[in-house]
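A structural walkthrough
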Amino acid sequence: MNFNPKHILGIQELSAEELTFILDTAESFKEINTRKIKKVPTLRGKTIVNLFFEASTRTRTSFEVAGKRLSADTINISASSSSVVKGETLQDTAQNIEAMHPDIIVVRHGASGACHYLAERLNCSVINAGDGTHEHPSQALLDALTIRQHKGQIAGLTVAIVGDITHSRVVRSNIYCLSKLGAKVRIAGPGTMLPPGLDRLGCEVYRNIEDAIRDADCVMMLRIQRERQGASLIPSVREYARYFGLNEKKLTLAKKDAIVMHPGPINRGVELASSVADGPQNVILDQVENGVAVRMALLYLVAGGEKLQQD
Amino acid sequence: MAAEKIEILDCEGIDRALTRIAHEILEKNKGVENLALIGIRTGGDYLASQLQQKISEIEGLVVPLGLIDVTMYRDDFGSRNDLSVGQTDIRFPLSDRRVVLIDDVLFTGRTIRAAMDALIDLGRPQNIQLAILIDRGHRELPIRPDYIGRNLPTARNEQIEVEFDAQHTAQAVYLIRS
């Protein structure tokens with residue numbers, strides 16, 4: 001198939017066929033990360049700016065490594081050390097960066113829709129590295145790649161996602177991605193963290209973790225965002241850990257060969273007991289490893305081919 | 001005007017050409033020591049496994065076989081619409097190997113240039129040789145094959161098609177004039 005998107009803004013806009021194509025492309029890039037010389041010349045001469053308005057280690061490093069392994073020049077800008085602290089608007093910051101002619105801008109921003117906003121106003125490609133509570137497409141793709149790696153395929157699987165659903169962009173992208181690829185998605189969390197209307201996205205909603213993970217092929221635990229809204233929505237972290245945290249005992253409800261995933265960073269002892277986080281069923285580091293391959297695929301697809309003129 | 005399709009080689013013809021190439025590879029390399037075959041996806045990989053089979057029939061030894069995808073090394077990345085990338089699968093070290101690179105059709109030489117760059121990123125072979133089923137001319141780079149199935153002078157607008165069956169055995173070579 002011919003798929004060479006100008007931007008990657010969300011999973012919602014992509015078809016099952018396009019998602020599979022991205023995963024297949026990522027699969028081919030995985031091999032490069034195991035070589036002695038981990039570099040191919042594909043994006044030589046391209047400039048990638050990682051524009052991060054929120055703290056990030058994994059995603060930013062992953063995009064940076066991905067760009068470098070494809071021989072692009074990558075530049076990181078984080079809000080705390082940029083002119084944003086001097087009061088510059090998002091549009092002005094982005095336009096100033098664009099005047100330096102980068103080919104791709106990878107954006108993380110606290111406001112939902114920030115990446116769409118920039119994609120409409122800039123000539124270069126925009127990749128969404130997480131916008132507000134909207135989408136985090138590269139995370140959903142690396143999750144899908146990890147599930148496919150361990151389970152062979154995604155269609156027909158049952159995936160349980162547990163945590164703060166309302167404020168999670170990871171969940172939204174994952175629901176779109178997994179449903180499109182044919183998996184059944186179950187959602188669970190405390191009532192204060194479950195937004196209304198989830199069933200309209202095609203997932204089953206549970207009020208307790210036990211029912212959600214029973215016979216699941218894959219359990220995805222979300223981080224309680226203690227630095228954000230998370231803390232005020234639950235009585236206490238200890239209570240959350242007791243009712244919605246995953247420990248070895250609860251995990252026995254899932255299928256024997258179920259895999260445990262987490263987008264990181266983990267709050268040990270809160271959403272994941274250490275025995276599970278380090279247990280044989282966890283695939284958390286595979287997720288990180290696959291993240292580089294998925295981001296290489298996204299950079300490659302966005303940079304390659306002749307782009308159709310978009311109005 | 002309908003496209004004209006002329007058969008250049010049939011299944012037996014391809015088989016004879018591959019048998020001769022297998023003998024030539026063994027003659028030039030004085031056996032199979034340090035030898036490795038690398039097929040270029042897609043087409044060259046199928047021919048490479050046919051050659052591996054031929055060599056094992058002659059020498060009784062199985063030569064290591066690898067597959068390479070050169071998409072990431074192409075020089076026309078910005079103008080291609082099909083961006084699919086295949087997997088490179090080489091499970092042996094290339095250092096000090098005599099590598100025979102195999103492709104179905106040699107045309108401008110740009111694919112071979114990309115393949116050589118890809119190989120050298122993976123290790124330092126003792127040498128790289130080139131085996132080709134059809135050499136159709138029109139080189140744009142200084143590249144010359146060591147083993148040739150058939151020399152076939154063509155016009156630039158003509159096409160060469162190598163047909164494989166479901167078992168990936170080459171069945172026929174066609175020249176297509178439109």
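Preceding block: the structure.
Heads up: these notes are all about the structure in this document. (Residues numbered from 1 in each chain as written. Chains lettered and ligands numbered in written order. Predicted model: local features only at pLDDT ≥ 70, side-chain atom pairs only at ≥ 80, totals over all residues. Heavy atoms only, no water.)

**Focus: the sheet that holds strand β4 (residues 125-131) of chain A**
All names here are of chain A. The cut-off we apply is this: Each pair of strands is called paired provided DSSP finds at least two bridges between the two strands. Numbering goes from the N terminus for both helices and strands, where a helix is a DSSP run of H or I of at least four residues and a strand is a run of E of at least two. Interaxial angle, 0 to 180 degrees, is taken between N-to-C directions of lines fitted to C-alpha atoms, where a helix line uses only the stretch in contact. In this description, contact between two residues means that some pair of their heavy atoms is separated by no more than 4.5 Å.
Strand order in the open sheet formed by four strands is β2-β1-β3-β4, and the pairing between neighbours is parallel. Each end of this open sheet is capped by a strand with a single partner; those strands are β2 (73-78) and β4. Neighbour-to-neighbour, the strand axes of this sheet turn through a mean angle of 15°, independent of strand direction. Sheet analysis places strand β1 (residues 47-52) next to strand β3 (residues 104-109), joined by five bridges and oriented parallel. Residue pairing in the sheet places N50 in a bridge with V106 of β3. On top of the sheet, helix α4 (residues 114-121) reaches β3 and β4; it is set at about 170° to β4, its chief contact.

**Overview of the interface of chain B and chain A**
Put simply, the test is: By definition, the buried area sums, over both parts, the 1.4 Å-probe accessible area that each loses when the two are put together. When a carboxyl oxygen of Asp or Glu is within 4 Å of a side-chain nitrogen of Lys or Arg, the pair counts as a salt bridge. Whenever a nitrogen or oxygen atom comes within 3.5 Å of another N or O atom, the pair is scored as a polar contact, on the condition that within protein one atom can donate a hydrogen and the other can accept it, and that pairs from neighbouring residues in sequence are kept only if both atoms are in side chains. Classes in brief: Ala, Val, Leu, Ile, Met, Phe, Trp, Tyr, Cys and Pro nonpolar; Asp, Glu, Lys and Arg charged; the others, Gly included, polar.
With 17 residues of chain B in contact, the opposing surface of chain A contributes 25 residues. A buried area of about 1,800 Å², summed over both sides, lies between chain B and chain A, and 58% of it is on carbon and sulfur atoms. Contact with chain A buries surface across chain B, with B:M72, B:F77 and B:L83 losing the most and accounting together for 39% of the total. Our count for the chain B to chain A interface comes out at zero salt bridges. Applying the counting criterion to the chain B and chain A interface returns six residue pairs in polar contact (both at pLDDT 80 or more). Per-class residue counts for the side of chain B that touches chain A are six nonpolar, eight polar and three charged.

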